[in-house]
Amino acid sequence: MNHHREVLAGSLCVTLLATAFCVWSVFGNDINICISAGCSLYQDFTINGISLWWLGAAVFSVLALMSLVGAASLGRLIAGAALCGDICLLLLMALTAPCVSCLVVALFFAASYMSFSLAAEGRVAGTGKAGGKSRSSILLWVWLILFAVNVGAVARSQTGIWPVIETDGEITTRLFFSPSCSSCREAIGILSGHVDVAFYPLMENETDLYKIVKMRELLDTGAGVAEALARAQEVLIPAGLSAYTPELLLLRFRMLCNKAHVYAAGSQIVPFFEYRGLPAMLKPKKSSASAPSSQRQAQSGISPAGTDAKLPLAPLVEGQCAAGAVCR
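Residues numbered from 1 in each chain as written. Predicted model: local features only at pLDDT ≥ 70, side-chain atom pairs only at ≥ 80, totals over all residues. Heavy atoms only, no water.

*Asks:* Looking at this structure, I do not really get the packing of helix H3 (residues 52-69) against helix H4 (residues 72-95). What am I missing?
*Replies:* Packed helices, taken two at a time, are described by the angle their axes make and the gap between the axes. One way to put it is that H3 packs onto H4 with a least axis distance of 9 Å and a crossing angle of 165°. By the angle class used here, H3 and H4 are roughly antiparallel. Crossing handedness for the pair H3 and H4: left-handed. Side by side, H3 and H4 meet where Val-59, Val-62, Leu-63 and Met-66 of the first sit next to Leu-74, Gly-75, Ile-78, Ala-79 and Ala-82 of the second. Residues that form the contact of H3 with H4 fall into these classes: 8 nonpolar, 1 polar and no charged. (Axes fitted to C-alpha atoms, helices over the stretch in contact; angles between N-to-C directions. Helix = DSSP H or I, 4+ residues; strand = E, 2+ residues; numbered from the N terminus. Parallel < 35°, antiparallel > 145°, perpendicular 65-115°, else oblique. Left-handed = near helix turned anticlockwise from the far one by under 90°. Contact = heavy atoms within 4.5 Å. Nonpolar A, V, L, I, M, F, W, Y, C, P; charged D, E, K, R; others polar.)

*Asks:* Quick question: what am I supposed to make of the sheet that holds strand E3 (residues 173-177) here?
*Replies:* As a general point, the strands of a sheet are linked pairwise by backbone hydrogen bonds and lie either parallel or antiparallel. A sheet is described by the order of its strands in space; here 3 strands give the open sequence E4-E3-E5, paired in mixed fashion. With partners counted over all chains shown, the strands left at the sheet margins are strand E4 (197-201) and strand E5 (272-275), one partner each. Between one strand axis and the next, the sheet turns by 20° as a mean value, whatever way the strands run. The pairing of E3 with E5 spans 4 bridges and is antiparallel. Across the sheet, the residue bridging to Leu-175 is Phe-273, located in E5. Docked against the sheet, helix H7 (residues 182-191) engages E3, E4 and E5, running at close to 150° with respect to E3. (Pairing = 2+ DSSP bridges.)

*Asks:* Just checking my understanding: could you explain the pattern of salt bridges for this structure?
*Replies:* Side chains that differ in sign of charge can pair as their charged atoms come close. This model, assessed by the stated rule, comprises 4 salt bridges. For Glu-274, the salt bridge goes to Arg-174, with nearest N and O atoms at 3.2 Å. With Glu-274 in strand E5 and Arg-174 in strand E3, this residue pair connects regions lying 100 residues apart in the sequence. Note on Arg-174: relative accessible area 17%, which makes it buried. The closest approach of N and O atoms between Glu-227 and Arg-231, which form a salt bridge, is 3.2 Å. (Salt bridge = Lys/Arg side-chain N within 4 Å of Asp/Glu carboxyl O. Buried < 20%, exposed > 50% of the residue type's maximum accessible area, 1.4 Å probe, protein only.)

The values are spatial; any link to function lies outside them.
Okay, structure coming up:
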């Protein structure tokens, strides 16, 4: 006897929404919900020339068809296989960089698997058969652990690093420094006139925190970075609860994030430099014997005598190749 199979409404809603999201992502969504580095990394990721978004749309379309015909058991089998594939992708992202849009799709995979599992177990219970304990728990627990790892990585990536002074232009060089480091002060003295350099403070000791507080006050009055750092060397450390105000706690957190960035890069030494492109010092220079003195000084990053040292100097990076852009 043939039994009428009802439409699995819950599974159908989940799979249709997931299909629409995948197709929307293929053609480029209008709302930029992807804010992590993994979004750019996996944007054009393909398997045998087929975009992962099209593969996702195809899988969810098949699951939507299973929902329409009421094939709960077969739908659970397909959704389980898809969830295993998604676990592999979550593991890859955990080892590289998470993609927010991919995490949204991961939620759809888990939700569809759960909805098909509930429908299948409900039918077993309805026929009086011993359904036993669901096997979905192990698969979902593995998925949940990897999903949580990726969510944590996204949260970590959004804390960001904090410059002691905001810059308006394009940053090609980052300098991480400690106010107590003499080599750092020397580096800042040399680079303070470059508009393409950003300076990121970190704490090597408790005094560094209050030196940055003083440095920020001097920067707000119009002092240059090198001047503010030099004048901030003599500070008083407050005692008691005044050392744990909300402003100081926020500054501690920001400097800790900067330090974590340096440690994550495999270094525990300051000054620590990051270049975005070919450093100008590595690019061969034309013979400057016949060049004007001012030009030779500009090439070496030294301000001509009698000029304002705060004027923009030559860029520190003279070559870049970015994804999807013309190299320069």
